[in-house]
Amino acid sequence: MTKDFILYTISNEKLRITTYGYEQCNTAPCIIFVHGFKGFKDWGFGPYLAEFFADMGYFVITFNFSHNGVGDALTEFIEMDKFAENTYSLEVDELTELITAYQFGFFGNEFANNVALLGHSRGGAISLLTAKNMEIVKAIAVWASVSKLDRYSARQKDKWKKDGVFEVQNSRTNQLMKMNYSFLEDLEENKDDILNVQKAVKELKKPLFIAHGEQDLSVPIAEGEQLYKWSSKKLTEFYKIPTAGHTFGIAHPFTESNLMFEELLNKTEDFFRTNLF
């Protein structure tokens, strides 16, 4: 059973949420799926993985960050002004608020059970930055996660400051998507503290599952290897997938799964079952 919610944050921003396995929200561990850059909860494998974990006995929360750009359209980028205003810190704050909302019964749950985060790409880094400060989060899985948030050259930064915006191309929609200079200001101001992925991983002290495709052209597997290098080896599992790219053979719109993705789902579920129940 699925059920939709709207959560208004402290800043009065709207988080659009779909839950799966709602009938077990009081009895099952909770998995929160965290989408990445130019992503959204209903992209490609989002609903499919949520249904998979719900069928395996979890309460699953999928959501859109308020400034991911899709707005009420859910699958089309129509809020380009908000996309331009997004920051890493805003996403960490919003994920923190969502976890806290679950913890205090926002979803009609009388009880709060163990929570796991499942982050893809940039969502992996946001999950790691958020999890270390939240006791209720017991396990983190990251798929094709970035290991660094500063992904821009000195030349790009100089031009960004001069122009006030940085433009990125959405290869799927061909939209030119602008990011305001405030994004870079947030990164520069907080890169040594709340946006320091290395520090977050080293201080995590929680079970971590890292999955990365060796053919990932968007986020090279070297970044997954870097996360593993920083992590506690006693608490971390690193799953390399030789033939996988950034989305593990899944496209948007979703048409079908594949053996590689099914294996990834099962490996991740094994990790969650070990650490949540």
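To be clear, the structure that these remarks concern was listed above.
Rules used throughout
- Residues numbered from 1 in each chain as written.
- Predicted model: local features only at pLDDT ≥ 70, side-chain atom pairs only at ≥ 80, totals over all residues.
- Heavy atoms only, no water.
- Helix = DSSP H or I, 4+ residues; strand = E, 2+ residues; numbered from the N terminus.
- Rg over C-alpha atoms; globule rule 2.2 N^0.38 Å.
- Buried < 20%, exposed > 50% of the residue type's maximum accessible area, 1.4 Å probe, protein only.
- Contact = heavy atoms within 4.5 Å.
- Areas by Shrake-Rupley, 256 points an atom, 1.4 Å probe, with all protein chains shown as cover.
- Lys, Arg positive; Asp, Glu negative; His and termini not counted.
- Charge placed at Lys NZ, Arg CZ, Asp CG, Glu CD.
- 1 Å grid on protein atoms, 1.4 Å probe; cavity = no way out; pocket = protein on both sides within 12 Å on 5 of 7 lines; lining within 4 Å.
- Points joined across faces, edges and corners; volume = space filled by probe spheres on them.
- Nonpolar A, V, L, I, M, F, W, Y, C, P; charged D, E, K, R; others polar.
- Expected span 1.5 Å × (residues − 1).
- Polar contact = N/O pair within 3.5 Å; in protein donor to acceptor, adjacent residues only side chain to side chain.
- Pairing = 2+ DSSP bridges.
- Axes fitted to C-alpha atoms, helices over the stretch in contact; angles between N-to-C directions.

(A) Local environment of the overall build of the protein chain. Scanning the protein chain for helices and strands turns up 9 helices and 10 strands. Scaling as 2.2 N^0.38, a compact globule of 277 residues should have a C-alpha radius of gyration of about 19 Å, and the protein chain matches this with 18 Å. Projected onto its principal axes, the C-alpha coordinates of the protein chain cover approximately 55 × 40 × 40 Å. The buried share among the 277 residues of the protein chain stands at 54%. In the protein chain, of all internal contacts separated by at least 6 residues, the share reaching a separation of at least 24 is 71%. Total accessible area computed for the protein chain in this model is approximately 12200 Å², and 49% of it derives from carbon and sulfur atoms. When the 29 basic and 38 acidic side-chain charges of the protein chain are each reduced to a single mean position, those positions are 6 Å apart.

(B) Representation of empty space enclosed by the protein. One pass over the structure, following the stated rule, counts 2 cavities of 30 Å³ or more. Taken as a whole, the largest cavity encloses approximately 60 Å³ of empty space. Lining of the largest cavity is provided by His35, Gly36, Phe37, Lys38, Gly39, Asn68, Phe83, Asn86, Glu91, Arg122 and Gly123. The class makeup of the residues in the lining of the largest cavity is 2 nonpolar, 6 polar and 3 charged. Computed from the structure, the second largest cavity encloses a volume of approximately 40 Å³.

(C) Quick look at helix H9 (residues 259-276). Between the first and last C-alpha of H9 there are 25 Å, a value that for 18 residues agrees with the 26 Å anticipated at 1.5 Å per step. Among all positions of H9, only Met260, Phe261, Leu264, Leu265, Thr268, Glu269, Phe271, Phe272 and Leu276 are buried. Check the buried side of H9 and you find it contacts strand E3 (30-34), helix H1 (46-55), strand E5 (115-120), strand E6 (137-143), strand E9 (208-213) and strand E10 (236-241). The N-cap of H9, judged by a side-chain oxygen 3.0 Å from the amide nitrogen of Met260 a few residues on, is Asn258.

(D) Structural view of the sheet that holds strand E1 (residues 2-8). The strand order across the open sheet built from 8 strands is E1-E2-E4-E3-E5-E6-E9-E10, with neighbouring strands paired in mixed fashion. Both outer strands of the open sheet, E1 and E10, are each paired with one neighbouring strand and no more. Here the strands of the sheet are splayed against their neighbours by 20 degrees on average, with no regard to which way each runs. The pairing of strand E2 (residues 14-20) with strand E4 (residues 59-64) spans 5 bridges and is classified as antiparallel. Following the sheet pairing, Arg16 is matched in E4 by Asn64. Strands in contact with helix H4 (residues 122-131) are E3, E5, E6 and E9; relative to E5, the strand with the most contacts, it is inclined by about 150 degrees.

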